[in-house]
Amino acid sequence: MSAANADRRSGASGLFVVATPIGHLSDITLRAVETLKQVQFVVAEDTRRARQLLSHLGIGSKQVLCVDAHASERQLDQVAERIASGESCAMVTDAGMPSVSDPGSALVAACRARDVPIVVIPGPSAVTAALAVSGFDVSGFWFVGFLPRKGEKRERAVQEICQFTSAVVLFEAPTRVQETLQELALSMPTRPMCVARELTKQFEEVRVAPLAEWAKTEREWRGELTLVLGPSDDLKADPIASADLDLLIAPRLAQGQSPRTVAEELAPLLTVPRRTIYQRALQLRGER
């Protein structure tokens, strides 16, 4: 399809999946601006953020509906039916591309089920921006998004990351990033990690260091964080130091966990046998 034909499509009915700036508002594409101007209404993860962007573009009067991660099936159906009846709609999230660790896939699926035209308007992405600035070999990479917060799902995810040799991209919240860095450092302390904070914003910060160094960093994290784990030539994880193992065991014992429970919880995350963790937990509790 020619560029001219692609531009004409933005004025037609259908769902337009529009990428928005991840920080600097000037990063929005000309085609995204034109699409947002021409569609009849907009659905957004956060209507306040969407209205701020639309106001910046001079189209603040555009109708904006909330379709976030908690949208009901009824809400999705109502929006999809409006589009199916001939209206045009742009879908945006807080920043970046909808459906990439953000709401959007459910509405796309609802529209696809109704044979509604779906057009993507590509643009800024924290994933590709962080990969590009990391300096790592990213000919292949795995995008994880946000790790599960706890439990077996998190244990499995961390274990899989440790055994993946290509680059890995993660999103993390400021309140959990230090825990994530420390957890990953236990199994692969020498592997490099790029921490990209507040990409394209005033206080943008990009730094690369071994995971062991990140794990010891003491600071208050703020803003949006994208982590890029550098590739590794070896599937074998780095050995964990005894002192680091104690730092994991002691707090769990202090919380009242038994040595057996501690061993069962930590073994899937580390390259340390379950029995070794169990015996060390007994020693720290003074039973051996």
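Above this note sits the structure.
Within every chain, residues take consecutive numbers counted from 1 along the sequence as written. In view of the model being predicted, local features appear only for residues whose pLDDT reaches at least 70, and side-chain atom pairs are presented and counted only at 80 or more, with totals across whole chains, interfaces and linings using the full set of residues. Heavy atoms from the whole structure form the basis of all side-chain values; hydrogens and water molecules are not counted.

Enquirer: Talk me through the environment of A109; I want residue IDs and the actual numbers.
Expert: Helix numbers and strand numbers start at the N terminus; a helix is a DSSP run of H or I with at least 4 residues, a strand a run of E with at least 2. For A109, the location among the structural elements is in helix α5 (residues 105–113). Burial here depends on accessible area, computed with a 1.4 Å probe over protein chains only, as a share of the maximum for the residue type. Under 20% is buried, over 50% is exposed, and the range in between is partly exposed. Residue classification places A109 among the partly exposed residues on the basis of a relative accessible area of 45%.

Enquirer: How would you explain the pattern of salt bridges if you had to name every residue and give the values?
Expert: We define a salt bridge as a contact between a side-chain nitrogen of Lys or Arg and a carboxyl oxygen of Asp or Glu at a distance within 4 Å. A complete count under the given rule lists 14 salt bridges for this structure. One salt bridge connects D77 with R114, and the closest N-O pair in it is separated by 3.1 Å. With D77 in helix α4 (residues 73–84) and R114 in the loop between α5 and β5 (118–121), this pair connects stretches of sequence that are 37 residues apart. A relative accessible area of 29% means that D77 is categorised as partly exposed. Ionic contacts of the salt-bridge type, sharing partners, join the residues D77, E81 and R114 into one network.

Enquirer: Give me the nonpolar core: which residues, what numbers.
Expert: Within the largest apolar cluster, 36 residues are counted, with the highest numbers of intra-cluster contacts made by L181, M193, L270 and I277. If one sorts the elements of this core by residue count, helix α8 (residues 177–187) sits on top with five residues. The term nonpolar core refers to a set of buried residues drawn from Ala, Val, Leu, Ile, Met, Phe, Trp, Tyr and Cys, joined through side-chain atoms within 4.5 Å.

Enquirer: Quick one: what's the story with the packing of α4 against α5, residue by residue and with numbers?
Expert: The N-to-C vectors of α4 and α5 enclose an angle of 50°; their axes lie 9 Å apart at closest approach. Compared by their axis directions, α4 and α5 come out oblique. The two elements α4 and α5 cross, and the hand of that crossing is right-handed. Along the contact surface, α4 presents L76, V79, A80 and I83, while α5 presents A106, L107, A110 and C111. Gly falls in the polar group here, along with every residue not listed as nonpolar (Ala, Val, Leu, Ile, Met, Phe, Trp, Tyr, Cys, Pro) or charged (Asp, Glu, Lys, Arg). Each residue belonging to the contact of α4 with α5 can be placed in one class, and the counts come to eight nonpolar, no polar and no charged. Axis definition: a line fitted to C-alpha atoms, over the contacting stretch in the case of helices. Angles run 0 to 180 degrees between N-to-C directions. For classification purposes, angles smaller than 35 degrees are called roughly parallel, those larger than 145 roughly antiparallel, those between 65 and 115 roughly perpendicular, and all remaining angles oblique. Helix crossings fall into two classes, left-handed where the near helix is turned counterclockwise from the far one by less than a right angle and right-handed where it is turned clockwise. In what follows, residue pairs with any heavy atoms lying within 4.5 Å of each other are defined as contacts.

Enquirer: Quick one: what's the story with the pairing of strand β4 (residues 88–92), residue by residue and with numbers?
Expert: Counting buried residues in β4 gives five out of five residues, a clear majority hidden from the surface. Residues S88, A90 and V92 of β4 are buried on one face, and the alternating residues C89 and M91, pointing to the opposite face, are buried as well. Relative to β4, strand β1 (residues 14–18) is paired through four bridges, and the arrangement is parallel. In the strand pairing of β4, G14 is matched with S88. By this definition, two strands are paired if DSSP reports at least two bridges between them. Looking at chain direction, strand β2 (residues 41–44) and β4 are connected through four bridges and run parallel.

Enquirer: Hey, could you go over the sheet that holds β4 for me, with residue numbers and the actual values?
Expert: Overall, parallel pairing links the five strands, which are arranged β3-β2-β4-β1-β5 in an open sheet. Each edge of the sheet is formed by a strand with only one pairing partner; in this case those strands are β3 (63–66) and β5. Averaged over neighbouring strand pairs, the angle between their axes works out to 25° when direction is ignored. Contacts from helix α2 (residues 30–38) reach β1, β2, β4 and β5 within the one sheet, and its direction differs from that of β5 by about 135°. The sheet contacts of α4 involve β1, β2, β3 and β4, and relative to β2 the element is tilted by about 155°.

Enquirer: Describe in detail the side chain of R154, supporting the description with residues and values.
Expert: In this structure, R154 sits in helix α7 (residues 151–162). For R154, a relative accessible area of 6% corresponds to the buried category. A distance of 2.9 Å separates polar atoms of two side chains, one belonging to R154 and the other to E183. Ignoring anything within four residues of it in the chain, the contact list for R154 reads L147, P148, R149, E179, T180 and E183. A 3.5 Å cut-off defines polar contacts: any pair of N or O atoms within that distance qualifies, except that in protein one atom must be a possible hydrogen donor and the other a possible acceptor, and neighbouring residues in sequence count only when both atoms are side-chain atoms.

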